[in-house]
Number of protein chains: 2
Amino acid sequence: MLPDSLTQGQYDTVYNLLSLVIASQLFTALFLVISQPRVLARYRQALVVSAVVCGIAAYHYFRIFSSFKEAYVSDAVGGQGVYTQAVGRSFNEGYRYVDWLLTVPLLLVELVVVLTLARKLQASLLRRLIPAAALMIALGYPGEISSDNPTRHLFGLLSTVPFLYILYVLFVELTRSLDRQPAAVRRTVSRMRILLVATWGVYPIAYLVPLLGFDGADAWVGKQAGYSVADILAKALYGLLIFRIARMKSFADDPAFGAVEGSHEEARESLTAAPVEAVRVKN
Amino acid sequence: MLPDSLTQGQYDTVYNLLSLVIASQLFTALFLVISQPRVLARYRQALVVSAVVCGIAAYHYFRIFSSFKEAYVSDAVGGQGVYTQAVGRSFNEGYRYVDWLLTVPLLLVELVVVLTLARKLQASLLRRLIPAAALMIALGYPGEISSDNPTRHLFGLLSTVPFLYILYVLFVELTRSLDRQPAAVRRTVSRMRILLVATWGVYPIAYLVPLLGFDGADAWVGKQAGYSVADILAKALYGLLIFRIARMKSFADDPAFGAVEGSHEEARESLTAAPVEAVRVKN
């Protein structure tokens, strides 16, 4: 429930966090689009999907930001005041679910696509992960908008079933197919799965806050902070890790590309060796 | 603290400076994106990061600009009037901290990435510089929003510790690894570090203004001017120096690229040498 009033500090904290999310998502999306030539063509699909996810999140946070700004009126003059709910306005938490419904399945697509698995295996993983992710979000929504605890419990529990299935696919089935990946990629994928579980874990915790008896303005601010930080980690940081995997795999697939792109001395040496000699022969 | 009222001149000064920062950051970002083909592929990552930093700053200055515009109402008719604080609005200084939290670590990433050091050394520098930079900003925020001086002192002091650590890494550790850089690059890196210390030094001075007993509208306008100019130097000018280093290193790595790209007579001569001879033979 939206608190009746917020202190200046509480209001500013939510306000600045929402803006932080906009900046993080928007510029991660731009970074991923601009950085397309930094990976081999076969990994650009994963970067495009990551950029789209961050772009969708930026759009929804622009909406959430406006919705929050309009939901309160202040008696502040200058820097300090009390914020009370504006009459005729409400804060629309639904934007988050619309966002997740689109982005959470796409986050799993990013991970599977960047691994460039065999065609059949990739299709099989996506056929199961995408519907499970969409179902998980769709089942959370009726609980989120409900004001009675039994309904919240029920849908929270139902939503956990597809979540556990996703974890099973990622940690058991996907692991079997990681053998053929370079060691550094295996390590990064492991780290990404842990990031995914850790950040996705924030959402049910924030969802359960009202059930745990926490209430009032501080609990609400905490929930907004939790969702915001989790969205930065699960989308922007996650997208940058996808980029990192795509770079590592590009360099492993094509050492010549690594030599041209590599920002490292070893790469430079291997690149310049040939042209320098060619010049010498000419002279 | 936001002054109760501003004269037309004070209001216009802040207004125009904020707009100057938007123009500087936005077009430096565009310049860096458009100029990607002007450096070798391995230096483009550094340019993308620089462009993202300027883009993030432009976003936040758009926000700061709107926030400032909304914070005051004027009794002006035509060009002259007195600006007094608008009821129900506040000027959100928090945008600056949100901006720095994202951009200051990235400024250090730019510097390290453009040097194309050995992979291990680069990873080790980034692993220490990025958290130190984020910690420095995060520790400044509680002091900035606090209205009592002891709290301001305490967090100002705490924030200095990671700042000194960053200086140690940049001036002692990084210097050791500059031996293998071309002489012109070493000179530019030295100049960048001085720019970095000089501009980053403006921030603690602006932060300390309230502690030094300065107060009132002029002090506040001075603080906004200090932050604005420092942000132009530390991000836009700094990004252009990164571009300069990337150009110099590109030319040093690949003389043929330098001959095609170089806007200097020597380069032009080396390029035209061959065709001129060919023409002579023909005649």
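Residues numbered from 1 in each chain as written. Chains lettered and ligands numbered in written order. Predicted model: local features only at pLDDT ≥ 70, side-chain atom pairs only at ≥ 80, totals over all residues. Heavy atoms only, no water.

**Q** Report on the overall build of chain A, specifying residues and quantitative values.
**A** Within chain A, the secondary structure is distributed over 10 helices and 3 strands. When the helices and strands of chain A are placed in sequence order, the string is β-α-α-β-β-α-α-α-α-α-α-α-α. Principal-axis analysis of the C-alpha atoms gives chain A an extent of 80 × 45 × 25 Å. Every one of the 283 residues in chain A was classed for burial, and the buried ones make up 54%. The contacts of chain A with a sequence gap of at least 6 include a subset with a gap of at least 24, amounting to 78%. On chain A, roughly 12,900 Å² of surface is accessible, and the fraction owed to carbon and sulfur atoms is 65%. Of the charged side chains in chain A, 26 are positive and 21 negative; the average position of the first set lies 11 Å away from that of the second. (Helix = DSSP H or I, 4+ residues; strand = E, 2+ residues; numbered from the N terminus. Buried < 20%, exposed > 50% of the residue type's maximum accessible area, 1.4 Å probe, protein only. Contact = heavy atoms within 4.5 Å. Areas by Shrake-Rupley, 256 points an atom, 1.4 Å probe, with all protein chains shown as cover. Lys, Arg positive; Asp, Glu negative; His and termini not counted. Charge placed at Lys NZ, Arg CZ, Asp CG, Glu CD.)

**Q** Describe the pairing of strand β3 (residues 82-85) of chain A, naming the residues involved and giving the relevant values.
**A** It is a general feature of regular strands that their side chains alternate between the two faces of the sheet. Residue and element names in this part refer to chain A. Pairing between strand β1 (residues 5-7) and β3: 3 bridges, direction antiparallel. Directly across from L6, in β3, lies its bridge partner Y83. Looking at chain direction, strand β2 (residues 72-74) and β3 are connected through 3 bridges and run antiparallel. Its bridge partner lying in β3, S74 is registered against Y83. (Pairing = 2+ DSSP bridges.)

**Q** Could you give an account of the relation of the copies chain B and chain A, with specific residues and numbers?
**A** Turning chain B through 70° and shifting it by 0.7 Å along the axis lays it on chain A, with an RMSD of 0.1 Å. Expressed as a symmetry operation, the mapping of one chain copy onto the other fits a five-fold axis. The C-alpha atom lying nearest the rotation axis in chain B is that of I34 of chain B; the distance is 9.1 Å. (Least-squares fit on C-alpha atoms with pLDDT ≥ 70 in both.)

**Q** Can you break down the interface of chain B and chain A residue by residue, with the values?
**A** Across the contact, 38 residues belong to chain B and 38 residues belong to chain A. Taken over both partners, the interface formed by chain B and chain A buries close to 3,200 Å², and the fraction arising from carbon and sulfur atoms is 53%. For the pair chain B and chain A, the interface holds 0 salt bridges. The tally of links from chain B across to chain A stands at 3 residue pairs in polar contact (both at pLDDT 80 or more). In terms of residues, the side of chain B that touches chain A owes the most to one element, helix α2 (residues 44-71) of chain B, which gives 11 residues. Partitioning the side of chain B that touches chain A into residue classes produces 19 nonpolar, 11 polar and 8 charged. (Buried area = accessible area lost by both parts, 1.4 Å probe. Salt bridge = Lys/Arg side-chain N within 4 Å of Asp/Glu carboxyl O. Polar contact = N/O pair within 3.5 Å; in protein donor to acceptor, adjacent residues only side chain to side chain. Nonpolar A, V, L, I, M, F, W, Y, C, P; charged D, E, K, R; others polar.)

**Q** Quick one: what's the story with the sheet that holds β3 of chain A, residue by residue and with numbers?
**A** Residues and elements named next belong to chain A. An order of β1-β3-β2 is seen for the 3 strands of this open sheet, with the pairing classed as antiparallel. Every other strand in the sheet has two partners, leaving β1 and β2 as the edge strands with one partner each. Sheet twist, expressed as the mean angle between neighbouring strand axes with direction ignored, is 25°. Packing against the sheet, helix α2 (residues 44-71) makes contact with β1, β2 and β3, and its axis sits at approximately 50° to β2. (Axes fitted to C-alpha atoms, helices over the stretch in contact; angles between N-to-C directions.)

**Q** Quick one: what's the story with the side chain of S146 of chain A, residue by residue and with numbers?
**A** All names here are of chain A. Looking at the secondary structure, you find S146 in the loop between α4 (119-145) and α5 (149-176). At a separation of 3.0 Å, a polar atom in the side chain of S146 contacts the side chain of D148. With near-sequence residues (within four places) excluded, S146 lies in contact with T151 and R152.

**Q** How would you sum up the confidence of the model for chain A? Please name residues and give values.
**A** Low-pLDDT stretches of the model should not have their predicted coordinates read in fine detail. Residues and elements named next belong to chain A. When pLDDT is averaged along chain A, the result is 86; 90% of the residues meet or exceed 70. Considering each helix and strand of chain A separately, the mean pLDDT is smallest for helix α10 (residues 265-282), with a value of 44, and largest for α2, with 96. A low-confidence stretch, residues 266-283 stays under pLDDT 50, and its non-local contacts, those more than four residues away or across chains, total 15 contacts. Under the prediction, the complex receives an ipTM of 0.85, its pTM being 0.87. (pLDDT = per-residue confidence, 0-100.)

**Q** Run through unusual backbone geometry, naming residues and quoting values.
**A** Non-glycine residue T116 of chain A carries a positive phi angle of around 45°. Within the secondary structure layout, T116 of chain A lies in the loop between α3 (94-114) and α4.

**Q** How would you sum up the layout of surface pockets? Please name residues and give values.
**A** Within this model, the largest pocket holds a volume of roughly 2,000 Å³. Surrounding the largest pocket, 41 residues form its lining, L237, L240 and R244 of chain A together with V109 and I130 of chain B being those nearest its centre. Taken together, the elements giving at least two residues each to the lining of the largest pocket come down to α1 (8-34), α6 (183-200) and α8 (216-253) of chain A together with α2, α3 (94-114) and α4 (119-145) of chain B. Per element, the largest residue contribution to the lining of the largest pocket is 12 residues, and it comes from α8 of chain A. Along the lines of polarity and charge, the residues of the lining of the largest pocket split into 29 nonpolar, 7 polar and 5 charged. As for the second largest pocket, its lining consists of 29 residues, of which M1, L2, E144, I145 and S146 of chain B are closest to the centre. Per element, the largest residue contribution to the lining of the second largest pocket is 5 residues, and it comes from α1 of chain A. (1 Å grid on protein atoms, 1.4 Å probe; cavity = no way out; pocket = protein on both sides within 12 Å on 5 of 7 lines; lining within 4 Å. Points joined across faces, edges and corners; volume = space filled by probe spheres on them.)

**Q** Outline the sheet that holds strand β3 (residues 82-85) of chain B, listing residues and values.
**A** All names here are of chain B. Strand order across the open sheet formed by 3 strands is β1-β3-β2, with antiparallel pairing between neighbours. Each edge of the sheet is formed by a strand with only one pairing partner; in this case those strands are β1 (5-7) and β2 (72-74). Adjacent strand axes in the sheet meet at a mean angle of 25° when their direction is disregarded. On the sheet, helix α1 (residues 8-34) packs against β1, β2 and β3 and is oriented at approximately 90° with respect to β1.

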